[in-house]
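Structural overview
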Amino acid sequence: MPNTIKLYDFPMSPRVRKVRIVLAEKGLAYEKVNIDITKGEQNTPDYLAINPYGKVPALQDNGTTVYESTIIMEYLNDTYPNPPLLPSAPGQRARARVLMHYADNPYEGAIARLAGELIFKPMQGGSPDEAVVSQATTDLRACFDKLDQELGEQDYLLASGFSLADIPYVSWSLLFPLLKVAVPHPRVEAWLTRLQERPSVQAAG
Ligand SMILES: N[C@@H](CCC(=O)N[C@@H](CS)C(=O)NCC(=O)O)C(=O)O
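From a predicted model like this one, the values you see are computed outputs, not experimental measurements. (Residues numbered from 1 in each chain as written. Predicted model: local features only at pLDDT ≥ 70, side-chain atom pairs only at ≥ 80, totals over all residues. Heavy atoms only, no water.)

**Re the site of the ligand**
Near the ligand you find Ser13, Arg15, Ile37, Gln42, Gly54, Lys55, Val56, Pro57, Glu68 and Ser69, and these make up its full shell. Here Glu68 contributes a side-chain N or O atom positioned 2.7 Å from a nitrogen atom of the ligand. Note that an oxygen atom of the ligand is positioned 2.6 Å from one of the side-chain N or O atoms of Ser69. Taking 510 Å² as the accessible area of the ligand by itself, protein coverage stands at 78%. (Near = heavy atom within 4 Å. Polar contact = N/O pair within 3.5 Å; in protein donor to acceptor, adjacent residues only side chain to side chain. Areas by Shrake-Rupley, 256 points an atom, 1.4 Å probe, with all protein chains shown as cover.)

Here it is in structure tokens:
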């Protein structure tokens, strides 16, 4: 039977979008299985057998099950090497991974806190905690300062061009209009716009 890649998806999730962007970059067909995290479907025994953390995304391919969005991106890049989304030199690969780690920690952390206060709390009838919003805004500003330094005059985070390292940043940036986040550095703003205009990002929704 032909292999079908299965992506356990939730349309609004910036973490799943990272994987959808890689799938689009590689031109891979896949089947989406929607896990409605607003209804707790991530905690059913069937889904916990796929991802014991009870989170999306998860991916199944040729008998392999992978979870954690960054690990899935790497898995896809290893398994479907064209076009390559990491450079070949170990030092450059390590640099890409450091930048992905930064995206998965301070950058994602600040944006997720803003989303919690400004989107999810109001949806549940609560109001934002201004102290949390203010701290998250300060933390995100520090991320933008660092990204401006990292980019310098480059079009992408790595001098070699577009790579996995750019993907988490653009994925989360699609929440900025909703969160009223203004990017304080023209170079960072131009980079995010360049990424948002890529066909893979547009296709990933
Ligand atoms: N580190 C994980 C985090 C995954 C994660 O938190 N996903 C969210 C959606 S964006 C989720 O499934 N939330 C449901 C829950 O926490 O119950 C990854 O990058 O895959």
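Having seen the model, we can carry on.
**A look at the environment of Ala103**
Within the secondary structure, Ala103 sits in helix H4 (residues 90-123). Sequence separation between Ala103 and Tyr67 is 36 residues; the distance between their C-alpha atoms is 17 Å. Look past the residues within four positions of Ala103 in its chain and what remains in contact with it is Glu108, Pro168 and Tyr169. (Helix = DSSP H or I, 4+ residues; strand = E, 2+ residues; numbered from the N terminus. Contact = heavy atoms within 4.5 Å.)

**Quick word on the domain arrangement of the chain**
Many structure descriptions define interface size as the accessible area lost when the parts assemble. Under the domain assignment, the chain is made up of domain 1 (5-79) and domain 2 (90-199). Its C-alpha centre places domain 1 at a distance of 21 Å from the equivalent point of domain 2. Residue-level contacts link twelve residues of domain 1 with 15 residues of domain 2. For the pair domain 1 and domain 2, the summed buried area comes to about 1,300 Å², and 62% of that belongs to carbon and sulfur atoms. The largest share of the area that domain 1 buries against domain 2 comes from Pro14, Arg15 and Glu74, three residues that together contribute 31% of it. (Domains from an automatic or database assignment. Buried area = accessible area lost by both parts, 1.4 Å probe.)

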